[in-house]
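For reference, the chains in residue letters:
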Amino acid sequence: MTRIAAVSWNTFREAVRDRVLYNLVFFALLLIATAILVGQISIGIETIVLVSLGLSAISAIGLLIAVFTGVGLVSKEIEKRTLYALLSKPLRRWEFLVGKFGGLVLTLTVNTGAMAVGLLIALLYVKHSLESGDATAFVAVYFILLKLAIVVALALLFSCFTSQLLAILFTSGLYIAGLFISEMRNLDASRVGPAARHFFTGISYLLPNFQNFDVMAAAAHARPLPGILILHNTLYAMLYCTVVLSAASVVFARKNLK
Amino acid sequence: MTSKRSIAILCLLVLPAGFAGVWRLQRSIDGDLSALHEERDEVLLRSGKMVKLLSLEYAPLMADVYWTRVVQYYGSKRERREQNLDGLWPLLDLTTTLDPNLMPAYRFGSTFLAEARPVGAGRPDYAIDLIQRGIRENPDYWRLYQDLGNVYYFSLHDNEKAAEAYNKGSRVPGAQPWMKIMGARIAERGDTRQTSRLLWSEIYQSAQDETVRENAKIHLMLLKTDDDKEQLDRLLAEYAKKTRRQAESLNELVNAGMLRGVPVDPEGVPYIVGMTGDAELNSKSPLFKLAPLYRRF
Amino acid sequence: MPEPAIEIESLTKDYPTGFLHLKTKRSLENLSMRVEEGESFGFLGPNGAGKSTTIKLLMGIIFPTSGSAKILGRPITEVEMHKDIGYLPEQPYFYDYLTAAELLDYFARFYGMRAAERKERVAKMLKKVGLETAGKIQLRKYSKGMLQRVGLAQAILHDPKVVILDEPMSGLDPIGRHEVRDIISELKRGGKTVLFSTHILTDAEMLCDKVGVIVGGKLQGVGRPDEIVGMKAHEIEIVFEADARDARSETLRGKASKSGSRYAMRVPEENVFAAIEELRAGGAKLAAVTPIKRTLEEYFLHLVEKDRAQAAAIEVSGK
């Protein structure tokens, strides 16, 4: 096992032993069951409601885990000083960061996967058989995972140089900003002025664009997605995470621990 | 590696290259997503009240966000020449629920909900719902009565209700005098081209939204072509009577001294004589394509 | 001369303090010292003197303001060098959701040990630090002393050439301390280089080949424990018995302190024979004549006093 993998595995193990995570997953499964009930009320749109609610639940739970666990990845180890012994091993600081990132992403993959299975079962129950368009719902889950990976990377970055509380604020702030990228690009120049418009257009490309990963409408209506989108979104997430983790590595490399 | 060196590598190499890649990928993704032909709003958020509840005191801010989406939605649909504008009403409904005082939304909505496809959503009933909410929440804003009157006149051909709207609006303090005049005119003469022209002129002059103004301008231009064609048809009939044959081009009229030059349409393209012997728009004119799209009144 | 195991050169560390972090506090000033291979070195000093700071600098947990250091000939910035070092942090805390065995196994992975080797080593280490039976209990249930032992175990797990221990005795009861002393002695016998910090002087005296005293961020002296305090006895203590009723020994008794039926008196070295003569003449019976060596403790207290006086002087002068 490489050193990064060792750190990842240990991070995963920590998350698994933290019983809070199981409660969250259970909660999400409950939501999906509720969605089935809600769907019965309005005829003909059970699938739409189920998929929408289910994906929303998976996304929301995933975000909670990504943000709240993500910000603790580094700062908790610094606060509790468990990091001291670890840094005395032949482990580079950036290897530690990448390992932590990998561990939480692995945790989220397993969690999201579990919830997706729940959604699949619920979908089968409601539709009795699946058509090819239903695959979109699961591509939507994969996209949620990509989105969560970016959120984890951001949380990790902030975790390296601010307190947990501030890291939560910054990460959440960036997430919300990332939901309104197209609005930023379409600002009415007559209302905000050309300078502001250029500024917002510029940063709209720098901020993580979480709208890329939002295909809930297509999933709810079982419309197929262009395959190339899956490739592009995967590359986008990988590239963005790499940039953020590089920045985190530089910040963390010369940080004096308490 | 020293920290200075790694910071330099990060700032000069990793960040620019990374974000350049991100930018490039984003363009691709934008292309992929627009090919999906879908509205951005999820089913759940169709309920304006739910969104308002979730927004708490940020409702007016969310209204602005949704307003931006309205503009973007309409623009992208027109750009892609799509006929289906079904999403316009829910978006406008949401926007005005979140902020009932957002005037541009009402004025935009009244025009483009009512206009027939593909220019608008073709739902004058929704337009009326929207305007009436606007009037309820903003009883002092007399221009909404103008918009209401226009919807009845142009889309529903209900001259009685149109005149009523104009009259009601004229009684709002601060209303301009022509509201009363317009009300009377519609009640008297009903649906005429001159009345239409007056109504569109008023919109063109008073509208603050670029898209609404542009729309009014096109209507005015097309009304002008109707006038022009009427005049030209009369001249062609005269010519046919005199020479006992149909003119095949307007140049003949010029040669006959009936016209000083071949008249041009508001876009500067000369009229032609069509197959049926009537004056027609030149197919080279931009108005030629627009004419069938805009039901002219 | 062979490469020293640890070589520190002009190491200085400033910390930002005060409002907006504008001022700095110098916690370590120009530290230079060497620890030879196979030597056991005791780092002595009161709390806050800079011992932990020095060790953390060596381990790359914090970074020097200026100066450099090498361990086994390689600069401390080279992380790969850590495979030959073992480190016990001060007041260690480990992942409380792991058991001791799991923790050691986790750490062992970083040294490239394969599964079979890890299993063997972990078992051996747990036995060595006396945690055999507690190996499968989660660390959150461990007492401070047990955590200290786990810390020691993870420091020597991979049989490193250099072992650096920050306050290894803290939190241990006398038996625990004895065990740790044994382990350190064993390391010494195995030819390892041991650097440990402590403020318990008797431990240092017992275990160290060399001792470095650090007070107020400055190295005050390095040398063998006895060298540092000076072999020379300054005073001689004479213990004698005398009859209280005997008038001849009255002056002598006056100068001495009484304990039971015995009297103890200190005289400067050069006067010892004159004093003995006086006692004999006074009819006292000699019980013991012992040279008094200045202990490490006294030397230590003396240094601390000196440092405090200097600091006070600086404050008074308003610098």
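Residues numbered from 1 in each chain as written. Chains lettered and ligands numbered in written order. Predicted model: local features only at pLDDT ≥ 70, side-chain atom pairs only at ≥ 80, totals over all residues.

S.K.: Just checking my understanding: could you explain the interface of chain A and chain B for this structure?
M.R.: A common way to state how big an interface is: give the accessible area lost once the parts meet. Each partner contributes residues to the interface: chain A has 30 residues there, and chain B has 28 residues. Broken down by element, the side of chain A that touches chain B gets its largest block of residues, 14 residues, from helix α12 (residues 227-253) of chain A. Considered class by class, the residues forming the side of chain A that touches chain B number 19 nonpolar, nine polar and two charged. (Contact = placed C-beta atoms within 7 Å. Helix = DSSP H or I, 4+ residues; strand = E, 2+ residues; numbered from the N terminus. Nonpolar A, V, L, I, M, F, W, Y, C, P; charged D, E, K, R; others polar.)

S.K.: Help me understand the nonpolar core, please; the structure alone is not making it clear to me.
M.R.: Looking at soluble globular proteins, one finds that nonpolar side chains tend to be buried together. Grouped together as the largest cluster of nonpolar side chains are 152 residues, with contacts concentrated most on A:V152, A:A153 and A:L156. The dominant element in this core, judged by the number of residues it contributes, is helix α6 (residues 135-161) of chain A, at 19 residues. Core analysis: the next-biggest nonpolar cluster, separate from the first, contains 47 residues, B:L88, B:A121, B:M179 and B:I186 among them. (Core = buried A, V, L, I, M, F, W, Y, C linked by C-beta atoms within 7 Å. Buried ≥ 20, exposed ≤ 12 C-beta atoms within 10 Å, placed from the backbone.)

S.K.: Would you explain the packing of helix α9 (residues 178-189) of chain B against helix α10 (residues 193-206) of chain B in this entry?
M.R.: Describing two packed helices takes the angle between their axes plus the distance from one axis to the other. Residue and element names in this part refer to chain B. Here α9 crosses α10 at 155°, and the two axes come no closer than 11 Å. Taken together, the axis directions place α9 and α10 in an arrangement best described as roughly antiparallel. Pair α9 / α10 crosses with left-handed handedness. Listed contacts from α10 to W178, M182, R185, I186 and R189 of α9 are T195, L198, L199 and E202. (Axes fitted to C-alpha atoms, helices over the stretch in contact; angles between N-to-C directions. Parallel < 35°, antiparallel > 145°, perpendicular 65-115°, else oblique. Left-handed = near helix turned anticlockwise from the far one by under 90°.)

S.K.: I keep staring at helix α2 (residues 100-109) of chain C and nothing clicks. Help me out?
M.R.: Every α-helical turn comprises 3.6 residues, leaving residues that sit three or four positions apart pointing alike. Buried residues dominate α2(C), accounting for eight of its ten residues. All of the buried residues in α2(C) are C:A100, C:A101, C:L103, C:L104, C:Y106, C:F107, C:A108 and C:R109. The elements touched by buried residues of α2(C) are α1 (3-17) of chain A together with α3 (115-128) and α4 (144-156) of chain C.

S.K.: Explanation requested: the domain arrangement of chain C in the structure shown.
M.R.: Domain boundaries assigned for chain C yield domain 1 (6-229) and domain 2 (235-292). For domain 1 of chain C versus domain 2 of chain C, the distance between C-alpha centres works out to 48 Å. (Domains from an automatic or database assignment.)

S.K.: How should the sheet that holds strand β11 (residues 235-241) of chain C be read in this particular structure?
M.R.: Across a sheet, paired strands are connected by hydrogen bonds in the backbone, their directions being either parallel or antiparallel. Residues and elements named next belong to chain C. Taken in spatial order, the four strands line up as β12-β13-β11-β14 in an open sheet, and their pairing is antiparallel. If you trace the sheet from one side to the other, it starts and ends with β12 (257-259) and β14 (285-292), each paired once. Sheet twist, expressed as the average angle between the axes of neighbouring strands with direction ignored, equals 25°. Taken together, the three bridges between β12 and strand β13 (residues 262-268) define a ladder with antiparallel strand orientation. Paired with S257 across the bridge in β13 is A264. Contacting β11, β13 and β14, helix α9 (residues 272-281) crosses the sheet at an angle of about 10° to β11. (Pairing = 2+ DSSP bridges.)

S.K.: Would you mind going over the sheet that holds strand β2 (residues 23-35) of chain C with me for this structure?
M.R.: Residue and element names in this part refer to chain C. Spatially, β2-β1-β4-β5 is the arrangement adopted by the four strands of the open sheet, whose pairing is antiparallel. Either end of the sheet is taken by a strand with one partner, and the two such strands are β2 and β5 (74-75). As paired strands, strand β1 (residues 6-17) and strand β4 (residues 66-71) are joined by five bridges and run antiparallel to one another. Bridging across to β4, T12 finds its partner in S66.

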